[in-house]
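Chain residues, written in single-letter form:
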Protein chains: 2
Amino acid sequence: MSLLAVGTLAYDDVYTPYGEVKMIEAGSCTYIAMAATYFVQPVQVVSVIGGDYNDDFLADLQRRGSDLEGVEVIPEGKSFYWAGRYHDDMMGRDTLDTQLNVLADFDPKVPESYRKAPYVMLGNLTPAVQSRVLDQLTERPKLVALDTMNFWMDHALEDLMAVLKRIDVLIINDEEARQLSGELSLLKAAAKIVEMGPKILIIKKGEHGALLFEGENLFSAPALLLPKVVDPTGAGDTFAGGLIGYLAATDDLSFANLKRAVIYGSAMASFVVEDFGTRRMQTLDQEQIDRRVQRFGELMTVSL
Amino acid sequence: MSLLAVGTLAYDDVYTPYGEVKMIEAGSCTYIAMAATYFVQPVQVVSVIGGDYNDDFLADLQRRGSDLEGVEVIPEGKSFYWAGRYHDDMMGRDTLDTQLNVLADFDPKVPESYRKAPYVMLGNLTPAVQSRVLDQLTERPKLVALDTMNFWMDHALEDLMAVLKRIDVLIINDEEARQLSGELSLLKAAAKIVEMGPKILIIKKGEHGALLFEGENLFSAPALLLPKVVDPTGAGDTFAGGLIGYLAATDDLSFANLKRAVIYGSAMASFVVEDFGTRRMQTLDQEQIDRRVQRFGELMTVSL
């Protein structure tokens, strides 16, 4: 089962209490593709970069199973750039700089060979751009998942509400779920959000795990306890990539399998934060992933 | 198996976005005893009240299985009083007033009939008072659990460290665990705290559940999602009461049973917040408790 993923291929500067990195390859689609290709290949990437993007990094993405035909290169342009500094408690961060560059005029072009993708991950982007990807598909995918953020709720709510009607899975954090629904209780928030379109809702709670809602079904996944979080950047995208990659690989949308997918996504996210950028993702292997998934199982097993 | 519990029998004024109550019977030992007597009787209460305390409420506590021989009455004194207002998001609260009254000179007297209690719950109090309860026991209990708060870490750290050496289970929240250990990672915090004395650590995370640590064993319990939290006061004490009550009733300190106890404590806490003070605790029955425990099971079941 192929997976189509849209999002950014970016450069980040990241400052944390554990150090700093400059001009590191990052962006939502990088993290999504890096995680998803551990489960399913190809991951068909739709994105845009400037002439400045690192060819070796792109070649590595391809070697890992990403199809980059849908990555538009604007030779005279510069790639999307973000800089941020995490607080000492790693709970919050300040954005130091954002340069949209080639992302400012991003008009996604979905190659012919991607248009029947059964699984689609719409990474965090302008909702209108997310919609334009769906417009170009020639068959309704089995599953469309979408990530978004509070910025779009503030500045493009109408477009966001329009794209929500066209998706199956919404992946947001608890703060975003509360803002989108206007409800404090996540139970009430979920009930309101599923009425907006997505029949499956996943609420990420960072170090507190994730919640999965589908109809009357509810699942609470823990987060792994880590001795050290080096760089939280990309954790949400990696979670989404692992989750949808696992679903695409297993091609099973039962609630039991959705729960497993949440754990696989959580496991991938627990790796990515162990080092800066995508470094930890580059040294992973299947055995490490399986062992970590088993640790999630041990963490939550109780006989009542 | 009897359970000895020390803590406050208090009056509270509580203001929340859902309403307010004045001079409602509350206090750590009230919540502990109300929860624990659903599992084990008698709960032998050690506390102090003024002549103003409601006789009908005390009679109800007795009817439910609390032994009040250890409750000292100071006829001319006034009972401990606390007033607080919860923020609109129910995540924080401001203390409006605290009047120690008879608690200021509380010197706990453990009746002869309590002194061989196999299970002991030291509710949140001055650490020196918690120690004085242990001093009066004539046999080492099977299990001593202790609740404390950041106030004692700031103002009575030496006494707190002394009592920690004498207990088996410490029950605190995530913020307190970070303060006590000086570690941001709860995994590292737990490792440091168990070196202070308690071999079992339970970290409460409110709406995010609870963590249980014992040696290499680790368990993450979810919180139930509630449509509405009316009054969070006493949730931590009710959790502790349910947990130790369940342990005393089952008299099984295996890790498997400690995990079950955390779920029973969580279930009791999920009830108490549904109404002001102890109101919801007064209408509970065993079937409701069992059904709710099963809901926890459903929330966390995954086949990996």
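Please read all numbers here as calculations on a predicted model, not as lab measurements.

Draft legend 1. Structural detail: the side chain of D147 of chain A. Residue placement: D147 of chain A occurs in strand β9 (residues 143-147). Aside from chain neighbours lying at most four places away, what touches D147 of chain A is M121, L122, G123, N124, Q130, I171, K204 and D237 of chain A.

Draft legend 2. Spotlight on the relation of the copies chain A and chain B. Of the two same-sequence chains, chain A is brought onto chain B (RMSD 0.0 Å, axial shift 0.0 Å) by a rotation of 180°. One copy is carried onto the other by what is essentially a two-fold rotation axis. Comparing contact sets, 100% of the residues at the interface of chain A also lie at the interface in chain B, consistent with an isologous, same-surface contact.

Draft legend 3. Representation of empty space enclosed by the protein in the model. As enumerated under the stated definition, the model contains one cavity of 30 Å³ or more in all. Space inside the largest cavity adds up to approximately 130 Å³. Contributing to the lining of the largest cavity are 16 residues, with H208, A221 and P222 of chain A together with S220 and P222 of chain B lying nearest its centre. The residue makeup of the lining of the largest cavity, split by class, is nine nonpolar, four polar and three charged.

Draft legend 4. Layout of the packing of helix α8 (residues 235-250) of chain B against helix α9 (residues 255-272) of chain B. Residues and elements named next belong to chain B. Two numbers describe how α8 lies on α9: the axes approach to 7 Å, and their chain directions differ by 140°. Regarding the angle of α8 to α9, the classification is oblique. Pair α8 / α9 crosses with right-handed handedness. Residues A235, T238, F239, G242, L243, Y246, L247 and T250 of α8 touch α9, and the partners they reach there are N257, L258, R260, A261, V262, Y264, G265, S266, M268, A269 and V272.

Draft legend 5. Looking closely at the packing of aromatic side chains. Here the structure, examined in full by the defined rule, presents twelve aromatic pairs over all chains. Summarising the aromatic geometry, the rings of Y246 of chain A and Y264 of chain A are spaced 4.3 Å apart at their centres and angled 15° between planes, so their arrangement reads as stacked. Note that Y246 of chain A is positioned in helix α8 (residues 235-250) and Y264 of chain A in helix α9 (residues 255-272), a separation of 18 residues in sequence. In terms of burial, Y246 of chain A and Y264 of chain A fall into one category: buried. Considering the side-chain rings of F39 of chain B and Y264 of chain B, the 5.6 Å spacing of their centres and the 85° angle between planes classify their relative orientation as edge-to-face. In this pair, F39 of chain B sits in the loop between α1 (28-36) and β4 (43-50) while Y264 of chain B sits in helix α9, placing the two residues 225 residues apart along the sequence. What links up through ring pairs into an aromatic cluster is the set Y11, Y53 and F57 of chain A. Above the plane of the ring of F271 of chain B lies R292 of chain B, whose end atom (NZ or CZ) is 3.9 Å from the centre.

Draft legend 6. A look at the UniProt feature "domain: Carbohydrate kinase PfkB" (unreviewed entry) in chain A. When the UniProt feature table is mapped onto this chain numbering, "domain: Carbohydrate kinase PfkB" (unreviewed entry) sits at residues 32-280 of chain A. What you have in residues 32-280 of chain A is 36% helix and 24% strand, and the ends, taken at the C-alpha atoms, are 14 Å apart.

Basis of the calculations
Residues numbered from 1 in each chain as written. Chains lettered and ligands numbered in written order. Predicted model: local features only at pLDDT ≥ 70, side-chain atom pairs only at ≥ 80, totals over all residues. Heavy atoms only, no water. Helix = DSSP H or I, 4+ residues; strand = E, 2+ residues; numbered from the N terminus. Contact = heavy atoms within 4.5 Å. Least-squares fit on C-alpha atoms with pLDDT ≥ 70 in both. 1 Å grid on protein atoms, 1.4 Å probe; cavity = no way out; pocket = protein on both sides within 12 Å on 5 of 7 lines; lining within 4 Å. Points joined across faces, edges and corners; volume = space filled by probe spheres on them. Nonpolar A, V, L, I, M, F, W, Y, C, P; charged D, E, K, R; others polar. Axes fitted to C-alpha atoms, helices over the stretch in contact; angles between N-to-C directions. Parallel < 35°, antiparallel > 145°, perpendicular 65-115°, else oblique. Left-handed = near helix turned anticlockwise from the far one by under 90°. Phe/Tyr/Trp six-rings, centres within 6.5 Å; stacked < 30°, edge-to-face > 60°. Buried < 20%, exposed > 50% of the residue type's maximum accessible area, 1.4 Å probe, protein only. Lys NZ or Arg CZ within 6 Å of the ring centre and 35° of its normal. UniProt positions renumbered as here; feature names shortened; annotations may be inferred.

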